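Now for the letters of each chain:
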Amino acid sequence: MGALGKKNRTPAEAVRKLMKSGKVKKKCCQSKPRCGKCPVLALKRLKAA
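None of the values given here were measured: they were computed from a predicted structure. (Residues numbered from 1 in each chain as written. Predicted model: local features only at pLDDT ≥ 70, side-chain atom pairs only at ≥ 80, totals over all residues. Heavy atoms only, no water.)

Any chance you could explain the nonpolar core here in plain terms?
Ala14, Val15, Leu18, Val24, Ala42 and Leu46 together form the largest nonpolar core, which totals 6 residues. Among the elements that take part in this core, helix H1 (residues 11-21) stands out by supplying 3 residues, more than any other. (Core = buried A, V, L, I, M, F, W, Y, C linked by side-chain atoms within 4.5 Å. Buried < 20%, exposed > 50% of the residue type's maximum accessible area, 1.4 Å probe, protein only. Helix = DSSP H or I, 4+ residues; strand = E, 2+ residues; numbered from the N terminus.)

I keep staring at helix H2 (residues 39-48) and nothing clicks. Help me out?
One turn of an α-helix holds 3.6 residues; hence residues three or four places apart share an orientation. Turning to H2, its buried residues are Pro39, Ala42 and Leu46. Along H2, the residues classed as buried sweep out an arc of 55° about the axis, all on the same side. Facing away from the buried surface of H2 by more than 90 degrees, the exposed residues are Lys44, Lys47 and Ala48. For H2, the elements touching its buried residues are H1. (Arc of directions from axis to C-beta. Contact = heavy atoms within 4.5 Å.)

How should the packing of H1 against H2 be read in this particular structure?
Think of two packed helices as two axes; the pair is described by the angle between the axes and how far apart they sit. It is the contact of H1 with H2, at a shortest axis distance of 9 Å, that shows an interaxial angle of 135°. Comparing their axes, H2 and H1 come out oblique. Once H1 is placed against H2, the crossing between them reads as right-handed. Between H1, through Pro11, Ala12, Ala14, Val15, Leu18 and Met19, and H2, the contact on the second element is made entirely by Pro39, Ala42, Leu43, Leu46 and Lys47. Residues that form the contact of H1 with H2 fall into these classes: 10 nonpolar, no polar and 1 charged. (Axes fitted to C-alpha atoms, helices over the stretch in contact; angles between N-to-C directions. Parallel < 35°, antiparallel > 145°, perpendicular 65-115°, else oblique. Left-handed = near helix turned anticlockwise from the far one by under 90°. Nonpolar A, V, L, I, M, F, W, Y, C, P; charged D, E, K, R; others polar.)

When you look at the state of the cysteines in this model, what are you seeing that I'm missing?
By definition, a disulfide links the sulfur atoms of two cysteine residues through a covalent bond. Evaluation of the coordinates by the stated rule reveals 0 disulfides. Left without a disulfide partner, cysteine 28 is nearest to the cysteine sulfur of cysteine 38, which lies 3.4 Å away. Cysteine 35 takes part in no disulfide bond, and the closest cysteine sulfur to it belongs to cysteine 38, at a distance of 4.4 Å. Residue classification places cysteine 35 among the buried residues on the basis of a relative accessible area of 19%. (Disulfide = S-S within 2.5 Å.)

Shown next, in the form of structure tokens:
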């Protein structure tokens, strides 16, 4: 996943942009093997960064 990009973008907006580009799924499937594109985990990663 990418970083926030613009300095004034919130993590939620960044995840929305990743969803639109197809890098992140729209909903969490709650399955551990398929969690590489999970929006919930993407948001947590961006908040931690």
